[in-house]
Amino acid sequence: MDDDQIREFSEKMSERIASLFSEKMSERIASLEDKNDKLLETARRAEGEKRYVETELGRLQKEIRRLKQELVRLKSPPLIIGNIRDILADGRVVVKSSTGPDFIVNAADYITKENLVVGARVALNKQTLAVMGVLPPSLDPIVTGAEIIEKPPVTFDDVGGLEGQMRELREAVEDPLLKPDLYRKVGIEPPKGVLLVGPPGTGKTLLAKAVANRTQATFIRFVGSELVQKYIGEGARLVRELFQLAREKSPSIVFIDELDSVGAKRLEIATSGDREVQRTLMQLLAELDGFNPLGEVKIIGATNRPDILDEALLRPGRFDRIIEIPIPGHEARMTIFKIHTRKMSAAPDVDYGVLAARCEGTTGADIHAMCTEAGMFAIREEREVVTMGDFGRAVDKVLGESPMRSTDASGAMYA
Ligand SMILES: Nc1ncnc2c1ncn2[C@@H]1O[C@H](COP(=O)(O)OP(=O)(O)O)[C@@H](O)[C@H]1O
Ligand SMILES: [Mg+2]
């Protein structure tokens with residue numbers, strides 16, 4: 001073989017080797033790339049799993065913290081409820097709890113100093129009696145329920161014939177609340193409490209409802225008998241809380257209907273029940289005395305029995321303005337007839353003057369009953385219009401029902 005042949009051969013060989021090599025290489029590269037893809041995939045999956053485990057760990061750690069806190073909370077000793085008696089100059093407080101004696105204790109730092117006032121209800125640590133927190137004052141649900149939030153649908157237009165009394169009531173109750181400056185300038189003290197006095201059914205409660213409807217002030221309504229409680233001291237506590245609520249919500253008007261059930265004369269000989277009623281009355285007197293007349297709380301009382309009221313209630317500075325609600329006169333009866341027939345379909349010939357003349361001595365409640373009766377007569381005969389005849393029979397019926405009505409019933413005991 002000559003040199004040329006050898007070179008040619010070696011060139012061929014090297015070409016062959018190169019092509020073989022590149023073939024093998026590309027095969028290898030492909031398989032490696034394949035492997036790489038798989039590995040990348042695995043890595044991604046592992047990364048995802050790691051993230052999941054990490055969040056799970058965070059969640060469980062939070063849960064552990066929560067459970068530990070819950071455990072601490074459940075293990076924490078009970079707190080005792082007490083009252084602050086006094087605040088000492090060095091910041092310590094004198095507390096009284098149900099355990100008996102008064103204690104001088106420290107208050108926790110996080111309590112705002114303004115909340116530490118004499119009389120506040122506080123929670124005390126069981127061992128050290130340190131003040132741990134100030135509690136909101138407790139109000140009986142009966143008391144909080146007495147506030148009228150929805151205005152009664154009664155306006156002064158629904159009250160017949162008591163214009164003078166209405167004006168007087170507004171003057172005595174609303175003006176001092178809404179224009180206190182005027183009273184200050186004139187230099188007189190407005191009355192603190194107003195007592196509505198009159199026979200039953202003459203519109204005392206109605207008048208109070210009309211005030212409640214019109215006033216901007218909070219209206220708190222109570223029936224006297226609700227203040228008479230079974231247990232000793234309960235009635236007095238209710239009265240106290242009632243006025244506390246009134247002061248919190250001021251300007252406000254407190255209306256005590258049927259005042260005689262708590263305000264009856266105090267007797268020498270009394271059962272324990274009577275004594276409890278008297279305690280309630282005494283608390284009421286104390287509350288009446290307790291705030292100044294220009295303060296933002298006004299009181300309206302109503303009673304059918306002024307004769308049995310304790311004189312102490314009527315002293316100046318208490319219920320010092322008495323508004324008498326009389327049995328309606330002729331004009332007033334006509335107006336009341338018109339008010340109660342406003343929504344009725346009465347025949348054009350119904351003469352309210354004649355009707356009013358017939359029922360001398362009846363009250364607004366009677367007239368209301370007469371109008372309802374007249375409507376019933378019409379319905380019984382399947383008429384849609386109420387006639388003068390219906391009204392006539394209704395007046396007879398209501399007048400005839402109660403023999404007491406024709407006589408003077410002022411001394412009688414009303415329900
Ligand atoms: N002056 C009046 N004008 C219109 N309706 C009256 C009047 N007085 C009484 N009534 C009617 O009699 C009902 C009972 O009156 P009320 O105010 O409860 O009497 P009391 O004086 O016993 O509180 C009222 O709901 C109303 O329908
Ligand atoms: Mg009433």
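As a reminder, the structure under discussion sits directly above these lines.
Note that the structure is predicted; figures quoted are calculated from it, not measured.

**Observations concerning the overall build of the protein chain**
- If you tally the helices and strands in the protein chain, you get 13 helices and eleven strands.
- Seen through its principal axes, the protein chain has C-alpha atoms that stretch 160 × 75 × 50 Å.
- For the protein chain, the residues scored as buried account for 29% of the 415 residues in total.

**Notes on the site of ligand 1**
- Around ligand 1, a shell composed of 17 residues is seen, among which Gly203, Lys204, Thr205, Leu206 and Gly364 lie nearest.
- Here the shell around ligand 1 is composed, by residue class, of seven nonpolar, nine polar and one charged.
- Among the domains, domain 3 (143–324) and domain 4 (330–405) are the pair contributing at least three residues each to the shell around ligand 1.

**Some points on the pairing of strand β1 (residues 80–87)**
- Across four bridges, β1 lies against strand β4 (residues 121–124) in antiparallel orientation. Within β4, the residue paired with Gly82 across the bridge is Val122.
- Hairpin connection from β1 to strand β2 (residues 93–97): five residues lie between these consecutive antiparallel strands, with Gly91 at a positive phi of about 95°.

**Some points on the nonpolar core**
- With 48 residues, the main nonpolar core has Leu196, Leu207, Ile220, Leu242, Val254 and Ile300 as its most contacted residues.
- Among the elements of the structure, α3 (163–178), β7 (193–197), α5 (204–214), β8 (218–223), α6 (234–248), β9 (252–257), α8 (272–290) and β10 (297–303) are those that each provide at least two residues to this core.
- Per element, the largest residue contribution to this core is seven residues, and it comes from α6.
- Residues within four places of Leu242 in sequence aside, it is in contact with Val143, Ala146, Ile220, Phe222 and Val254.
- Counting 19 residues, the second-largest nonpolar core is a separate cluster that includes Ile336, Ala356, Val386 and Val395.

**A short note on the sheet that holds β1**
- Read from one edge to the other, the open sheet built from five strands follows the order β3-β2-β1-β4-β5, with strand pairing classed as antiparallel. Pairing within the sheet leaves two strands with one partner each, and these edge strands are β3 (102–105) and β5 (131–135). In this sheet, neighbouring strand axes are inclined to one another by 40° on average, regardless of whether the strands run parallel or antiparallel.
- Across four bridges, the pairing between β4 and β5 is antiparallel. Bridge pairing in β5 links Val122 to Val134.

**Let's talk about the sheet that holds β10**
- Judged by pairing direction, the sheet is mixed, and its six strands sit side by side in the order β6-β8-β9-β10-β7-β11 without closing on themselves. If you trace the sheet from one side to the other, it starts and ends with β6 (147–148) and β11 (321–324), each paired once.
- In the packing of α5 onto the sheet, contacts are made with β6, β7, β8, β9 and β10, and the angle to β10 comes to roughly 160°.

About the cut-offs
- Residues numbered from 1 in each chain as written.
- Chains lettered and ligands numbered in written order.
- Predicted model: local features only at pLDDT ≥ 70, side-chain atom pairs only at ≥ 80, totals over all residues.
- Helix = DSSP H or I, 4+ residues; strand = E, 2+ residues; numbered from the N terminus.
- Buried ≥ 20, exposed ≤ 12 C-beta atoms within 10 Å, placed from the backbone.
- Near = placed C-beta within 6 Å.
- Nonpolar A, V, L, I, M, F, W, Y, C, P; charged D, E, K, R; others polar.
- Domains from an automatic or database assignment.
- Pairing = 2+ DSSP bridges.
- Core = buried A, V, L, I, M, F, W, Y, C linked by C-beta atoms within 7 Å.
- Contact = placed C-beta atoms within 7 Å.
- Axes fitted to C-alpha atoms, helices over the stretch in contact; angles between N-to-C directions.

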